[in-house]
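Each chain, written out:
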Amino acid sequence: MDVILEHVKTVVGDPLTETMFNVELLGHINGCVAKLVQLGVAPYNNVFVEEDTMWPVIDNPTLKSLVMLFLPGTVNAAFDRTANETVRNSTAQYLSELEERIILEASLTYEV
C-alpha cells in the first residue's frame, strides 16, 4: 500500500470502501505528520495528507519502517475506544519507544 490513508484505514480496521471517517482520520494523520516533522523526519516537511497522498520517500529503511509503524499506530490509539487501561498504557509505551527510535534514526539520517 502506497497511499497513507489506505494504510492507516487497514490498521484501524476501517474498510477501504468506507469513507465516513476519512475526514477525522486525515485530521489525526496530519497531526501525526506534524509530530514527525518535529521529531526530525525531513521528508514530511510541507506534507499535508489528503485522501490520495502517497508515503514520502525515506531512504533509510529502518526510519521508514519506524514511521510506517508510528503513524498508523498513533491514529489507531486515538480511535480505539474499546481498549482497556492496560492496553492503552502498553500502546502509549510502545509509541513512546517508537518516538525515541525515530529521533535517533532521523538524527543519523538528516543533518540537523
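In this report, we go over the structure that sits alongside the text. (Residues numbered from 1 in each chain as written. Predicted model: local features only at pLDDT ≥ 70, side-chain atom pairs only at ≥ 80, totals over all residues. Heavy atoms only, no water.)

All right, on to the overall build of the chain then. Counting its regular elements, the chain contains four helices and zero strands. Counted from the first residue to the last, the chain has its helices and strands arranged as α-α-α-α. The C-alpha atoms of the chain give 14 Å as radius of gyration, which agrees with the globular expectation for 112 residues (13 Å, within 12%). In terms of overall dimensions, the chain has a C-alpha envelope of 40 × 35 × 20 Å along the principal axes. Burial statistics for the chain: of 112 residues in total, 35% are counted as buried. Counted over contacts in the chain with a minimum sequence separation of 6, partners at least 24 positions apart contribute 63%. Roughly 6,800 Å² of accessible area belongs to the chain as shown, and the carbon and sulfur atoms make up 54% of that amount. Across the chain, the mean location of the 6 positive side-chain charges is 6 Å away from that of the 16 negative side-chain charges. (Helix = DSSP H or I, 4+ residues; strand = E, 2+ residues; numbered from the N terminus. Rg over C-alpha atoms; globule rule 2.2 N^0.38 Å. Buried < 20%, exposed > 50% of the residue type's maximum accessible area, 1.4 Å probe, protein only. Contact = heavy atoms within 4.5 Å. Areas by Shrake-Rupley, 256 points an atom, 1.4 Å probe, with all protein chains shown as cover. Lys, Arg positive; Asp, Glu negative; His and termini not counted. Charge placed at Lys NZ, Arg CZ, Asp CG, Glu CD.)

In this section: the packing of helix 1 (residues 4-12) against helix 2 (residues 22-38). Taken N-terminus to C-terminus, the directions of helix 1 and helix 2 make an angle of 105°; their axes are 11 Å apart at the nearest point. Taken together, the axes of helix 1 and helix 2 are roughly perpendicular relative to one another. Here I4, L5, V8, K9 and V12 of helix 1 lie close against helix 2, whose contacting residues are N22, L25, L26 and I29. Taken together, the residues of the contact of helix 1 with helix 2 break down into seven nonpolar, one polar and one charged. (Axes fitted to C-alpha atoms, helices over the stretch in contact; angles between N-to-C directions. Parallel < 35°, antiparallel > 145°, perpendicular 65-115°, else oblique. Nonpolar A, V, L, I, M, F, W, Y, C, P; charged D, E, K, R; others polar.)

Turning next to the environment of F79. Here F79 shows up in helix 3 (residues 61-79). When the C-alpha positions of F79 and K9 are compared, they lie 11 Å apart, and in sequence the two are 70 residues distant. Discounting residues that sit within four places of it in the chain, F79 has contacts with V12, E24, L25 and H28.

With that settled, the discussion passes to the environment of G13. Along the chain, G13 falls in the loop between helix 1 and helix 2. Here the alpha-carbon distance between G13 and D59, two residues 46 residues apart in the chain, equals 28 Å.

To continue, consider unusual backbone geometry. Backbone phi values are negative for most residues with the exception of glycine, while trans is the configuration of most peptide bonds. Its identity as a non-glycine residue notwithstanding, N46 has a phi of 65°, on the positive side. Among the secondary structure elements, N46 is positioned in the loop between helix 2 and helix 3. Judged by its relative accessible area of 83%, N46 falls in the exposed class.

Turning our attention to the pattern of salt bridges. Applying the stated rule across the entire model yields two salt bridges. Measuring nitrogen to oxygen at the nearest pair gives 3.9 Å for the salt bridge that ties K9 to D14. In terms of burial, K9 and D14 fall into one category: buried. A salt bridge links K35 to E99, with the shortest nitrogen-to-oxygen separation between them at 2.9 Å. You can see K35 sitting in helix 2 and its partner E99 sitting in helix 4 (residues 85-109), a full 64 residues away along the chain. (Salt bridge = Lys/Arg side-chain N within 4 Å of Asp/Glu carboxyl O.)

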